[in-house]
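So the chains spell out like this:
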Amino acid sequence: MHPAYSVILFTTASGAGYGLLLWLAAAAALNLVPRDPMLGFFGLGLAIALVTIGLLSSTLHLGRPERAWRALSQWRSSWLSREGAAAIATYIPIAALGFAWVFGEFMPGQFAVGAVLSVPCALITVWCTGMIYASLPTIRAWNQPLVAPVYVVLALATGGVLMNLLLAVFGYELRWAATGTILALVFGAILKRLYWTAIDTAAKTYTAESATGLGRFGTVRPLDPPHTQPNFVMREMGYQVARRHAERLRRVSAALLFLLPIMGGLLLLLNLPNSIQIAIAALSALSAVAGVLTERWLFFAEAEHVVVVFYRGGSA
Amino acid sequence: MTSLPETTAKKLGLVIDLDTCVGCQACATSCKEWNAGGYSAPLTDQDAHGSDPHGTWLNRVHSYEVGDGAESRTVHFPRSCLHCETPACVTVCPTGASYKRASDGIVLVNPDTCIGCKLCSWACPYGAREYDYDDGVMKKCTLCVDRIYNESFAPEDRVPACVRACPTGARHFGDLGDPDSAVSQLVSERGGFDLLPEMEFKPVNKYLPPRPRRDQTAQPAPRAVEQPATNSGSLADRFFAWADKTLAR
Amino acid sequence: MDVSFTAQAERSAMAHHEPDIALSEPSADEIKTTTCYMCACRCGIRVHLKNGRVRYIDGNRDHPVNRGVICGKGSAGIMTHTSPARLRAPMKRVGPRGCGEFAEISWTEALETATDWLKDVRARDPSKLAFFTGRDQSQALTGWFAQQYGTPNFAAHGGFCSVNMAAAGLYTFGGSFWEFGEPDWEHTKYFMLFGVAEDHASNPLKIELGKLKQKGVKVVAVNPIRTGYGAIADEWIGIRPGTDGLFIGALIHELMHAQKIDLDYLVRFTNAHWLVIDDPQAPDHGLFARDADGKPLALDKATGVLVDATRAGISPALVGTLKLRDGRQARPSFALIAERFLSDEYSPEKVAATTAIPAETIRRIARELAHAAFEQQITLDVPWTDTDGRRHEKTVGRPVSMHAMRGISAHSNGFQTCRMLHLLQIVLGSIDCPGGFRYKAPFPRPTPPPNRPARPSQPNTPLKGAPLGFPQGPEDLLVDADGRPQRIDKAYSWDAPLAAHGLMHMVITNAATADPYPVDVLFMYMANMSWNSSMNIPAVLRHLTATDEKTGEYKIPKIIYSDAYSSEMIAYADLILPDTTYLERWDCISLLDRPISGTDAPADAIRQPVVEPDRDVRPFQTVLLDLGARLGLPGFVTDTGSPRYPGGYPDYIVNHERSPGIGSLAGFRGTDGKSYGRGAPNPKQLESYIAGGCFHEHHLAPEQRYYKHANKAYLDWAKDVGFIGAAAPITFQLYLEPLQKFRQAARGHGTVTAPATHRARIEKYFDPIPFWYPPFDGAPSEDETFSAITQRPMHVYHSWGTHNGWIRQITAENSLYMNRARARKLGIADGDWVWIKSAIGRVKGRVRLMEGVNLDTVWTWNAIGRRAGAAALGTDAPESTRGFLLNHLITELLPEREGGYRFSNSDPITGQAAWYDLRVSIERAAPDEFGETWPQFVPLHSPPLAEAAP
């Protein structure tokens, strides 16, 4: 699948944003951080900014962004619609939490309710994002049980990396966050490894023979293409990345997204001076961002849509 | 409305005869041309006279070779929306612009409400949906909904443009939900099949398979003519003897 | 994750709200009929207009050619009509040829310039005007212009297209394929196609193939390549190119072997029983023995006496050696024919290796043909009367039919091969019978047609007849006293005696090399001679720009070119006359020209303008009439010197009479509009055509429909309406005597003898009995070379299609196709780039591998490749960066033969361009050479063109 930068930015930014929101909400609900308005402002601000940038980025992928509001209506059947509705809905507990945290409660319990409701809203939104892809039987590499869980775990991981940075900058106690982040990163690494194995070994059962029904006569090979320049379908779904290149990028993304941030997180468990903590957290964050962008790029680039069997023969 | 109708009163669709298609592209261009006006028009072009000419088409014609050596054959293969009974392209649509009509089963995109998110094209295994780069919305075969009921047309012209155009008669239109219709009978006589049936979208369009060849790979025909006995002179002599008849002018 | 889950949940759905759709929008404010011109099939179309602009084009259901269907080209017509490659105004060249620098001028200036040039030439030597038209359909007018002007140097494109087919057919049985005849689709039981990809019987062939498949009639496609019709054929025979004659000969061999020959048919309709003189030293050796009245002789077995072979009621002998009155020996021509085909040379075993068809397949096909022809004979309850006045209560038919096209024609052995095919059809008794191959009026015509090509004329004097014709012997050749050609293309010379359609592909070369002589003005219409219509393009470009050393003038001093589009030819012309598109013009598809008749109904058609031109262009035919009037050509002006057809082409169509009562259109003639074929001009004729859908059909009565060549009711009527001069039966010439006359001349007999350089060639190839010989430059050899041929894609018509904004979205580049097994041996993989090398050059292109191609053949789609900058496509269009032509590899002149003479790369009998004789070697290119085709020419600068209409 063509790795569209707008969609990559959408899923990674919004994932990190919802992840950070989850960490902040958990921290708020469990009193793991001081109720510092500046922390609330910058933390939730960052989370909202990431989520909003992500959502706006996703509208760049639309042909008619001015009609985007229509995307909220088909939540009964469409994961994309559900994601949109959940994303919009999530702004409510975020707003409640944010206002309470920064300006003080307008209603009693607003802080706690905002915090507690943010968690399922954020989780559902990220889950729905993952399900947009996982629900498509046409793309085997996406139609895997691990896809939505990976989205959630990576949201938590990238959010956690940002949480560490936030706490470091504010000089608050961060070992609990660092531990949680390490766990999320380890879990993410395991899931991602399992995922790559799954897609590498998945049987490609859709064949050109079945797609054309001509298998009864033998192997199907394209002769003349229906068009000598790629059309929308092949531009969108005909992207191919070389096996070797993809494997190299997997290693790079794993190193940047998991290995380095895990090391950074371990370092954060030590009692290092705050300025060093900030540096470590910042580098971990940068590494994780680069890593998740690469991981997401691969998620698209390595995915093959069944329609290619009409154009290239073979299987998908 | 992305909910699918429980059933549809008719199952209108096409039957494509792969034994008769010669790959002439008439269906593709007549569709392109019909849809330059009418429903969800126009189908736009990008760089039509430049170095990367491509555009929105609703029907694409492939050519394949199948098999090896003497057993191989060439098959020309038109591909367009199959108006599936349970299409994912409808249910994934976030706006309801993609829908399946309850009256006749035609799957359409409402060009006024489509947001061009392209998810439906990801959901379709047949590549039937193309994004129009100028209009910003998704387009697909409409089964010429603006022709088949058109009272300003002569009745025999109320068929999809591709069906009317096809010079070899390889495209047929009708109600696949009616077992007595001409198209249904064609399907049962010729063993019409679904594309990618295992994906369970229940395509309504059917394809008719190429018929067996009648060449040396088929059962050899019995020798029809007994050769005359070879011991009565040379070939030429025998022939001349036979031709030396009294013929009437 | 699971779509069916959500669908299920939704099936208990709520009320369904669906948008309202406009279901009955009219497609047009107005629908006009006209005739398509996206190729030469001439289908009837309906043009749907909205606000005066073209909205949609579909097929006219009532039209006899296409009956409502439309092909991939026709449906894209609007993009051709609005193409940015359209010329917009007359132009004159202001920079050197090839640079594309033009100034727009007025029509006044353009016509005055053209008139001055043409007037000057006509006053000195009219032969110095070479007037050649390409793919147009107005040869009745353009040929007449040439005739009245006085130049014999005229032809259309048939010489590089399919003259072998036309000539072989017209000389043999008075008809041919495509517009001259077609299978009796309704009744045929076996159909064979030879060398057919897409051709001009386009939609009719497709329609009928679809029906044959439904009925289960066997279709056999003989073609080195398996696509299109070959893909749906019940049997594909992947023959080696140029060897169809051997295959057909072997079929005839087998049929004779099995005695499945219709001898009765032969003696009734052919010259099989005519006696051929056997007297090797005599001047009339090999000619027919004739009586004092010139009638051919035959032996009547009933009486044992030599009689007029054309008499009815005799029982002619087909075999035996007979004594003539003068004591010399003679044999019926059939005996000679049978001897040849019964010989071992045409046995299936002998031909199998060369044709790449297994002997058992050949045998089986022969059996199947025999079975269909003899075991599945048809009898229709249709009485008819023959030209001897005998009534037949039933019409009997041998239902085997065939169609052939470029694959047979475009070889240097095409004429004889096509003659063999007709021989096959005739021995099966399948010409113009139910289920067989039938004529389309105005054919059959006499064998050969009686008009001879006209000789060069004097200044300011018309030719004595039409420039093109059908020589019947050396005395009809257009040669001077030394035997040198009198025409610029050497048609009707010893180089190409039966060149019925001229040799347009040699004009530029011959004019530039002054061989046989230079010309002053080259005037061309609709012919992309500096690109895909020429062989050896680099040489042609050099010829077009070559200058005389002494004077500095171009060797071809003046080139006038007319076209609607900016093709590669524009940059090399001096004066450009821009044409209209087919939607903007009047036109006639005439029985005098390229008819669209059906087998049961002669037909003709018109085009009417459905839109007005939006630029300063004029229909070429109107311009030609204008030029003719300015030149004062007889027939183009009245007695007082004013233009005879001031209303332009539609005026000419309606009012011109080629002979009394015979005009361009056969329908609605006479002042009352009720006459067919012959009648006074009817001022309302065009209106009547338009009212009927822009075509007219005349349905033959049942008793006229079959055996037209011997059908009294048909022939009498055909004479009445002017199709033929006399209602005499048309005798099939199995033995083609005119060829023997040329042979005798080559042996030194007669007053007009062949030059020494040509004698061996005439001796060898002018065999009156068809035979197969290896193509000249294309003999299969033991080395690694391949035959290189092309096919025409069904959706692209030469370079007309590649500037069409829709068609090029389907195909904007081409590849070279090879057989996978051969490619493997050469280390070539699918998608590799290769050098394609011939004796004169090399071309680079990308390879695709396939199964369905003869092992010895490589091929590509023709005319996709374009020169950078042509047709307003921009310099980096895929057509030029990745598309390629094989034309650069094909030599227009063969290597020197004995006597140092270089013949054109053509069939020696008709001059047909031998495109498919090309042999090449293939070599994988180096990896850094992948990606772009070669050669790349200096990009053309397209002259000022209008913006494309939205």
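As a starting point, this report considers the structure included with it.

Calculation rules
- Residues numbered from 1 in each chain as written.
- Chains lettered and ligands numbered in written order.
- Predicted model: local features only at pLDDT ≥ 70, side-chain atom pairs only at ≥ 80, totals over all residues.
- Heavy atoms only, no water.
- Helix = DSSP H or I, 4+ residues; strand = E, 2+ residues; numbered from the N terminus.
- Rg over C-alpha atoms; globule rule 2.2 N^0.38 Å.
- Buried < 20%, exposed > 50% of the residue type's maximum accessible area, 1.4 Å probe, protein only.
- Contact = heavy atoms within 4.5 Å.
- Areas by Shrake-Rupley, 256 points an atom, 1.4 Å probe, with all protein chains shown as cover.
- Lys, Arg positive; Asp, Glu negative; His and termini not counted.
- Charge placed at Lys NZ, Arg CZ, Asp CG, Glu CD.
- 1 Å grid on protein atoms, 1.4 Å probe; cavity = no way out; pocket = protein on both sides within 12 Å on 5 of 7 lines; lining within 4 Å.
- Points joined across faces, edges and corners; volume = space filled by probe spheres on them.
- Nonpolar A, V, L, I, M, F, W, Y, C, P; charged D, E, K, R; others polar.
- Buried area = accessible area lost by both parts, 1.4 Å probe.
- Salt bridge = Lys/Arg side-chain N within 4 Å of Asp/Glu carboxyl O.
- Polar contact = N/O pair within 3.5 Å; in protein donor to acceptor, adjacent residues only side chain to side chain.
- Pairing = 2+ DSSP bridges.
- Axes fitted to C-alpha atoms, helices over the stretch in contact; angles between N-to-C directions.
- Expected span 1.5 Å × (residues − 1).
- Core = buried A, V, L, I, M, F, W, Y, C linked by side-chain atoms within 4.5 Å.

Quick look at the overall build of chain C
Alright, step 1. Regarding its fold elements, chain C presents 26 helices and 36 strands.
Alright, step 2. Taken over the C-alpha trace, chain C has a radius of gyration of 28 Å; the compact-globule value for 950 residues is 30 Å, and the two agree within 12%.
Alright, step 3. Based on the C-alpha atoms only, the size of chain C along its principal axes is roughly 85 × 85 × 70 Å.
Alright, step 4. Residues counted as buried form 69% of the 950 residues belonging to chain C.
Alright, step 5. Long-range pairs, those at least 24 residues apart, make up 70% of the contacts in chain C between residues at least 6 apart in sequence.
Alright, step 6. When the accessible surface of chain C is summed, it comes to about 29,000 Å², and 50% of that surface belongs to carbon and sulfur atoms.
Alright, step 7. The averaged location of the 107 negative side-chain charges in chain C is 1 Å from the averaged location of its 102 positive side-chain charges.

Details of the layout of surface pockets
Alright, step 1. Empty space within the second largest pocket amounts to approximately 1,100 Å³.
Alright, step 2. What lines the second largest pocket is a set of 47 residues, and nearest its centre among them are L223, D224, P225 and H227 of chain A together with R848 of chain C.
Alright, step 3. Taken together, the residues of the lining of the second largest pocket sort by class into 18 nonpolar, 17 polar and 12 charged.

Some thoughts on the interface of chain A and chain C
Alright, step 1. Of the residues lining the interface, 17 residues belong to chain A; the matching set on chain C comes to 19 residues.
Alright, step 2. Both faces combined, the contact of chain A with chain C buries some 1,400 Å², and carbon together with sulfur accounts for 50% of it.
Alright, step 3. Applying the counting rule to chain A against chain C returns 1 salt bridge.
Alright, step 4. Note that E851 of chain C and R221 of chain A form a salt bridge whose closest N and O atoms lie 4.0 Å from each other.
Alright, step 5. Scanning the region where chain A abuts chain C turns up 7 residue pairs in polar contact (both at pLDDT 80 or more).
Alright, step 6. Every element with two or more residues in the side of chain A that touches chain C is listed here: α3 (79–103), α4 (110–134) and β1 (220–222) of chain A.
Alright, step 7. Taken together, the residues that form the side of chain A that touches chain C break down as 7 nonpolar, 6 polar and 4 charged.

A closer look at the interface of chain C and chain B
Alright, step 1. Across the contact, 106 residues belong to chain C and 88 residues belong to chain B.
Alright, step 2. Both sides of the chain C and chain B interface together cover about 8,300 Å² of buried area, and 55% of this is carbon and sulfur.
Alright, step 3. Here chain C and chain B share 7 salt bridges between them.
Alright, step 4. Across the contact surface, chain C and chain B share 46 residue pairs in polar contact (both at pLDDT 80 or more).
Alright, step 5. When residues in the side of chain C that touches chain B are grouped by element, the largest group, 6 residues, is from helix α6 (residues 202–215) of chain C.
Alright, step 6. Per-class residue counts for the side of chain C that touches chain B are 48 nonpolar, 30 polar and 28 charged.

Re the sheet that holds strand β2 (residues 44–50) of chain C
Residue and element names in this part refer to chain C.
Alright, step 1. A sheet is described by the order of its strands in space; here 3 strands give the open sequence β1-β2-β3, paired in antiparallel fashion. Two strands close off the open sheet at either side, each with one partner strand: β1 (30–35) and β3 (53–59). Between one strand axis and the next, the sheet turns by 30° as a mean value, whatever way the strands run.

Observations regarding the side chain of H656 of chain C
Residues and elements named next belong to chain C.
Alright, step 1. With respect to the helices, strands and loops of the structure, H656 is situated in the loop between α18 (649–655) and β28 (657–659).
Alright, step 2. A relative accessible area of 3% places H656 in the buried class.
Alright, step 3. Among the polar contacts listed, one links the side chain of H656 to the side chain of Y645, at a separation of 2.9 Å.

Some points on helix α8 (residues 244–257) of chain C
All names here are of chain C.
Alright, step 1. Between its terminal C-alpha atoms α8 stretches 20 Å, which fits the 20 Å expected from 14 residues at 1.5 Å a residue.
Alright, step 2. Counting buried residues along α8, 14 of its 14 residues qualify, which places the element largely inside the surrounding structure.
Alright, step 3. The first or second residue beyond α8 is Q259, which carries a positive phi of 60°.

Let's talk about the nonpolar core
Alright, step 1. By size, the foremost hydrophobic cluster in this structure holds 329 residues, and its most contacted members are Y133, W142 and M163 of chain A, W122 of chain B together with F523, I836 and I922 of chain C.
Alright, step 2. The biggest single contributor to this core is helix α5 (residues 147–170) of chain A, with 15 residues.

Notes on the sheet that holds strand β30 (residues 695–697) of chain C
Residue and element names in this part refer to chain C.
Alright, step 1. Across the sheet, 3 strands lie side by side as β26-β27-β30; this open sheet has antiparallel pairing. Edge strands, defined here as strands with exactly one partner in the open sheet, are β26 (587–589) and β30. Averaged over all adjacent pairs, the angle separating strand axes in this sheet is 15°, with direction ignored.
Alright, step 2. One ladder, built from 3 bridges, connects strand β27 (residues 603–607) with β30; its direction is antiparallel. Pairing of A603 across the sheet is with E697, part of β30.

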